[in-house]
Structures are given as C-alpha cells and as structure tokens.
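Okay, here's what each chain looks like letter by letter:
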Amino acid sequence: MNRQDQDHQTKPESDDNHDHHHKSHNHHHNGGDPHAESHHGHEHHHHHEDREHDNHDHHGSHSGHGHHGHGGHEDMMADFKKRFFITVILAIPIIILSDMIQMFFNYTVTFPGDTAVELILASIVFFYGGWPFLTGLVSEIKDKSPGMMTLIGFAITVAYVYSAATVFGLEGMDFFWELATLIAIMLLGHWIEMKSVMKASDSLESLVEMMPQEANKLDEHDQVTSVSVSELKKGDRLLIKPGEKIPADGRILNGKSSVNESMLTGESEPVEKSEGDEVIGGAINTSGSLTIEVSKTSDEGYLSQVVQLVKEAQESKSKTQMLSDRAASLLFYVAVVAGIVTFSTWMALGVDTNFAVTRMVTVLVISCPHALGLAIPLVAARSTGISAQKGLFIRNRIGFESARRVDTMIFDKTGTLTHGEFGVTDIIPQKDVSEEELLRLAASLESQSEHPIAAGIVAKGREEQIDIPQPENFDSMTGAGITGNIDGKVISVVSPGYLKREGISYDEERLSKLSATGKTVVFVLQDQTLLGAIALADTVKESAKEAVERLHRMGIETVMLTGDNEKVAHEVAKQIGIDEVIAEVLPHEKAEKVKELKKDGKRVGMTGDGINDAPALANADLGVAVGAGTDVAMETADVVLVNSDPLDVVSIVDLSKITYRKMIQNLWWAAGYNIVAIPLAAGVLAPWGFLLDPALGAVLMSLSTVIVAINAQTLKMK
C-alpha cells in the first residue's frame, strides 16, 4: 500500500477527532509504512522465539531478588555505620591506655588489670569491628584475588595476635591502639564508599512493577472477572478499558484505540491500533476500549525479555574491579614480602627474636593503607556531590569511572537529541496570506484538540505571541481534519489525503520533499480555498549541536541509533553534526549494535530514554539515561541526566576525567607514603640510628590520610 492510498483510507473514528493528523503522521514516523506501527509487536518476537524456553521463571525470581538486593545493600550500610560508631567509642579507652601513646604524650594511666581491660576492648574491636574484613579476607583468598579486604584483614590479624601475645608475656609493645584506629578508619572508608555507591539493582523490580498486577478476563459468556496477571494463559480474552495498562502481549480481537508504548519504545507518539494488531504488555491504552487475546504470558512477553537482557548485561559488568582494589592487591604482596624480608634479615643479623618480630609487625601494620582505604571513597563521594549539583545522578561508579575512556558516544534520537514532541518547522502561506495569519487560524482550531500535533501548532502560536481566538461551531471531520468558524469564515485544518479527495491542487513536489525529511504537513483551508500549509517535526534540542561539537573536540565519535526511518534520521543528524547514523533499528537490536561496536574495540557510551534503550544502556561501557525518560532506562543506566540536556553528557566525560585524576593523585599519596614508610619501618636506616617508631609511623599515616582527604575536597569542575 503506498502513501497515497494510505491517505485515501478513511477509517471511521469513534472518539478521535483528529484523524487527519494520524494519517499524515505516518510519514513522520515510519516512512509511510502502515505496518511499521507495530513492528516491534511482530518481528521482535520471532527473534526471541528461541530464547523463550530459558526465560520461564525469571519474573518470580526477580521480584524477590530485587527486594533482597536493595534491602541487603541498605542493611550492609547500616551495619558498617553501627560497627564504625561502636569501634570509635571502644577505641578511646584503648588509645588512652596504650603504653605507646602514654610514652609519646608523656602521661601515665595505670590500674590493676589495665592490660586485661585493653585486651578485652581490643578483642571486641577486632572481632566485631573487624568482622567484615575478616570475612572479606576469607572470600578474597578463596577467589584467589587478594585485594583491600585481604590487606586490611591480614594487618589487623597480625596486629591483634602480636599484641595479645605481648599481654601474655611476649616482650614488646602492643599495637592495640593501632588496631582500633585502623579498623575505625577502614569502617569509615567503606561506609562512605557504600553511601556513594549505594545502588541496588532495582531495575528488574521496577520493570516488573510496570506490569499491571490484575487483568479483566472475559469468560465464554463475556462476563468480566478480575484475575491476577500471573494466572493468564495464551488464548485468554481480556478487556482493556481506556487508561489501563495492557497486562500481557496479545492481539486485538475488536476495538480501536491509540496505545502509548513510550515506556517500551521511547517513541513519544501514541500508536493507532485496531483489530488484528499486536499490543505489548506494559503499554498504556489511551482512548478506546479493546478486547485482546493473550499471545504471550507475562514471563515470555516483550517486557520480560527486556528484563532478561538487562540482567545479563548487568551481571557481566559487575566483574570489573575497582581501582583501589588493584592497588591494595599489589600492596598486599609488597607488604607480605617486605614483612618476611624484614624478619629474616634481622634474624640473619643476629638480633633478638623480639626485635625482629616487632619490626615485621610494624611493617605489616604500617603498610596497611589507612589513606588508601579513604583515597577512592572520598573522591567518589565528592564527585557524586558535584555531579548531583550539576543534575547528573551517578548510579554506578564503575560505569561512571570508565566514562573518561569513552571514544564513541551513541545517542538515541527521540527524546534524547530531540524533544520528543512536535514543533512547527515551516509555515508556507499561499500568495496573499501572511505567515502570522495562517498560524493564527490554525492555532485557533487546534486549541480545541488534544493531539500532539495540535499542541505543537498552539505552542508556536503562543511563542509568537499571537492572539488566538476561540472558534465557533468547532467540529471534527471524520478521516479528514477539523473545521470551525473564525471571524465569520469557515476555516478547516486538513490532511493531504483530504485535498486529494476534494481535488484541491497544491505543490505536491514540495510536500513530498517535506515528508521525506520526516515532517508532517497539515493544510489550512478557507471554505475550499487553500490558504497555506504548516509543517511540523520532532524538534532538535538546542544544546544537542553544541554537545556533539564538544564531544568531537574531545576526540569522541558520535553515532545516532534510532528506530526512525533513514531519511528522517539523516536529516536530524545533518542538523546536529553527528558522524554516523544507524536507522530503522528494532528495539531489541539496539543492544546488539552496542555489542558490535564494542567488538570492534570501541569504548562505547550510550545515551537513551526508553525501555528499548535499557538493554543497550546496560551493555554500553557507559550508560546514560535522559531523566525525562522511563524508570527502567534510569535504573539500568550508570548515570542519569536529571535535566535531559545532551550537554550534560559532555559534563559526565569531563567529570569522570577529573575524578580519575584526583583518584590517581590520592592513590599515589597513599601508596607513596607506604613506599617510603615500609623501608623505614623495616629498619633500613637502623645502622644510622634511625628506626621508624610505630607511633611515629601511625602519626605519618594519619597525616597522609588527612592530605588525601583535603586533596579529595579540592576536586572541582571547570
């Protein structure tokens, strides 16, 4: 069926007084292919057919898992907080009672059994405060990947065992106060880190919550009963009233309506559906009543396949290790080797065992980096704070940190680079009518209509500050447009199809040029005389062009990925200056395209706003959701742009680079301190009479922590 035929078709509309827009709208949306409306309804199911079998139960399992995930994370944070405060309270008497501190500050506190009190308090701190690190040490050793937990766990264990041994008669100074401060600072670091990371995978939950829980099922006598969505079977007939969510994928048996699938497809325009069309579970039925037959149950429908794709991508991503872990892992080996070398060297030199053990323990305790434990979390907390002020909401640190290395940024078109709503692009009056008059007449009629195109025309009228009169005898002409009396003249706004049927001539070449670039054209008539035409299109965001320019300056390539037709996509890309266009992509293919680019060795950022972008966002190295989009896109993204401004994508990359620089500086401070302190603690300068006293080591350690903290606070955005 070609375009002309489509425009000739006049379907009697029940309650939609705006058929002319829908007709001409098809040009805009999918190059005039009337079947394209529901393309994701049909084709993507074929694609997924082979996967359905292994998807059977994830709905049930997710919701449980999600709650646990979120609760688990909050509980852990509360747990660290509690352990931290208790450790700090117990650390105070331990520090006061410590021989080393007493010597250092030249005071004495003694009473019978003071060492026993110290041992009891230190034991509580070690087992209660240190518990997360001890369990962490065990699991890291099991995974054969020692990191921060191993380093902390090892140092606190050595310090505790050695100090306890001094209480029971081993000669030497105890390290209880070191132990207590070390555990307190590490708990604080982890607590800050969790606060800034705080993100459970609610994406799956929010996806599942988008599905309605109840459905109106029709029995054989057409009586409605309310059933739970989980009980639906293929072939069940459901009644869907206006305003309700569609409970499951299905096919329309009877009824006509426009269905809002934006939460699934990200396309803002409601899609016309009538008998025989496919509908997707989770979409919203906006106008008419529909009876549908269920074709896929909730655990094999479109939404649940999206859930599955997102889940897979998220799991594969979480394996990335944090930077500080890698540094800690390295330090662990350095510390252990240094400790062993220290002990064996001193033993070989024939000093007493006690001295050699003290040196070894000093090395191990000092090499445990207080500053390293705080270096990253403090910068993370700071950059999260700055980004929040800028309207960037960081949900996943790993993704955000990898933003600095992105070399290809993919943008979804509708709602990301464009406003996702109609704006007037051309006003084309005939000979003696002014542009202003043409717009005034059109806006007057359209002010009575609810349609997105009407909204675009009225908005333009208001922007131009035109006085918009109220029309009289307003009426909608089925399958043609709208009409009414303005200033005593009969004015109508109609579709190209109406002009053809009425035999009114117009500049067809110009019209086809406009519709080829994705514009929708409506005509204004007075009686049956053509006054002019108004073209509308989804308008490009002002900042999109600047954002693309700035990305280019950073050496980042830009790609547009859209379900819209080639011509429309290229037109928008040309306006914005985008390098590459991938158009006519079906929703589930977006993630595939991201994977393909990654296979070519590119580091990919993806910016999008619809559910169909969610799997792509989850697969990209950096997923950016535009805040005006859907919950799910926001849940699967690493960063959410609250202001929906493409320029913020540039800010993310900027901030990521600055944050990384600060983290590296802090790691150097923290690790550099160790590089200097370890040999001193080991007694390299002993022959020259310098031995790094454990107390002095601890003071230096605190100093390096303070420097790291101050450095983190100097993080600023240009």
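Residues numbered from 1 in each chain as written. Predicted model: local features only at pLDDT ≥ 70, side-chain atom pairs only at ≥ 80, totals over all residues. Heavy atoms only, no water.

**Structural notes on unusual backbone geometry**
Working step 1: A positive phi is found at Asp487, a non-glycine position, where the angle reads about 50 degrees.
Working step 2: Structurally, Asp487 can be placed in the loop between strand 14 (481–486) and strand 15 (489–494).
Working step 3: If you check the backbone angles, Asp527 has positive phi at about 50 degrees while not being a glycine.
Working step 4: Along the chain, Asp527 falls in the loop between strand 16 (520–526) and strand 17 (529–540). (Helix = DSSP H or I, 4+ residues; strand = E, 2+ residues; numbered from the N terminus.)

**A few points about the environment of Ile120**
Working step 1: Following the sequence through the fold, Ile120 ends up in helix 6 (residues 114–129).
Working step 2: Accessibility expressed as a relative area gives 52% for Ile120, which makes it exposed.
Working step 3: C-alpha separation for the pair Ile120 and Ile94, spaced 26 residues apart in sequence, amounts to 9.7 Å. (Buried < 20%, exposed > 50% of the residue type's maximum accessible area, 1.4 Å probe, protein only.)

**Here we look at the sheet that holds strand 20 (residues 604–608)**
Working step 1: The seven strands are arranged 10-22-21-20-11-18-19 in an open sheet whose pairing can be described as mixed. A strand with exactly one partner marks an edge of an open sheet, and here the two such strands are strand 10 (392–394) and strand 19 (580–582). Across the sheet, the mean angle from the axis of one strand to that of its neighbour is 20 degrees, orientation sign disregarded.
Working step 2: Direction of pairing for strand 11 (residues 408–412) relative to strand 20: parallel, over a ladder of four bridges. (Pairing = 2+ DSSP bridges. Axes fitted to C-alpha atoms, helices over the stretch in contact; angles between N-to-C directions.)

**Thoughts on the pairing of strand 3 (residues 237–240)**
Working step 1: With burial as the criterion, only one face of strand 3 is covered, namely that bearing Leu238 and Ile240; the residues Arg237 and Leu239 on the opposite face remain uncovered.
Working step 2: In terms of strand pairing, strand 3 meets strand 9 (residues 290–294) through four bridges, oriented antiparallel. Bridging across to strand 9, Ile240 finds its partner in Leu290.

**As for the side chain of Thr416**
Working step 1: Tracing the chain through its elements places Thr416 in helix 17 (residues 413–417).
Working step 2: Within polar-contact distance, the side chain of Thr416 engages the side chain of Asp412 at 3.5 Å.
Working step 3: Contact partners of Thr416, with chain neighbours within four places excluded, come to Phe411, Lys541, Thr607, Gly608, Asp609, Val626 and Pro646. (Polar contact = N/O pair within 3.5 Å; in protein donor to acceptor, adjacent residues only side chain to side chain. Contact = heavy atoms within 4.5 Å.)

**Observations regarding the pattern of salt bridges**
Working step 1: In total, this model carries 16 salt bridges according to the counting rule given.
Working step 2: Here Glu293 ties to Arg251 by a salt bridge, and the two come within 3.1 Å at their closest N and O atoms. Taken as a pair, Glu293 in strand 9 and Arg251 in strand 4 (residues 250–254) lie far apart in primary sequence, 42 residues in all.
Working step 3: Residue Arg251 is classed as partly exposed on the basis of its relative accessible area, which comes to 33%.
Working step 4: For Glu571, the salt bridge goes to Lys574, with nearest N and O atoms at 4.0 Å. Here the residue Glu571 and the residue Lys574 both occupy positions in helix 23 (residues 566–576), the gap between them amounting to three residues, near one helical turn.
Working step 5: The structure contains a network of salt bridges with shared partners spanning Asp412, Lys590 and Asp613. (Salt bridge = Lys/Arg side-chain N within 4 Å of Asp/Glu carboxyl O.)

**Brief notes about the side chain of Glu118**
Working step 1: Take Glu118: it is sitting in helix 6.
Working step 2: Despite its burial, Glu118 remains without a salt bridge, the nearest opposite charge being carried by Arg359 at 18 Å.
Working step 3: If we skip the residues at most four places from it in the chain, Glu118 touches Ile94, Leu97, Ser98, Asp174 and Phe176. (Lys, Arg positive; Asp, Glu negative; His and termini not counted.)

**Comments concerning the nonpolar core**
In globular proteins that are soluble, nonpolar side chains generally tend to be buried together.
Working step 1: Among the nonpolar cores identified, the biggest contains 94 residues, and Ile156, Leu179, Met409 and Ile652 are the most heavily contacted of them.
Working step 2: With eleven residues, helix 8 (residues 148–167) is the single largest residue contributor to this core.
Working step 3: What Ile156 contacts, discounting residues up to four positions off in sequence, is Phe126, Gly130, Phe133, Leu134, Leu179, Leu182 and Ile183.
Working step 4: With 22 residues, the next largest nonpolar core counts Val433, Leu438, Leu445 and Ile466 among its residues. (Core = buried A, V, L, I, M, F, W, Y, C linked by side-chain atoms within 4.5 Å.)

**Some remarks on the packing of helix 8 against helix 14 (residues 353–367)**
Working step 1: The N-to-C vectors of helix 8 and helix 14 enclose an angle of 150 degrees; their axes lie 9 Å apart at closest approach. Note that helix 8 runs across helix 14; the crossing there is left-handed. Residues Leu151, Phe154, Ala155, Val158, Ala159 and Tyr162 of helix 8 form the contact with helix 14, whose participating residues are Asn354, Val357, Thr358, Val361, Leu364, Val365 and Ser367.
Working step 2: Looking at side-chain class alone, the contact of helix 8 with helix 14 contains ten nonpolar, three polar and no charged residues. (Left-handed = near helix turned anticlockwise from the far one by under 90°. Nonpolar A, V, L, I, M, F, W, Y, C, P; charged D, E, K, R; others polar.)

**Looking at the environment of Val294**
Working step 1: Within the element layout of this structure, Val294 appears in strand 9.
Working step 2: Distance in space between the C-alpha atoms of Val294 and Leu232 is 7.8 Å, their sequence separation being 62 residues.
Working step 3: Discounting residues that sit within four places of it in the chain, Val294 has contacts with Leu232, Lys233, Lys234, Gly235, Asp236, Leu238, Ala248, Asp249 and Gly250.

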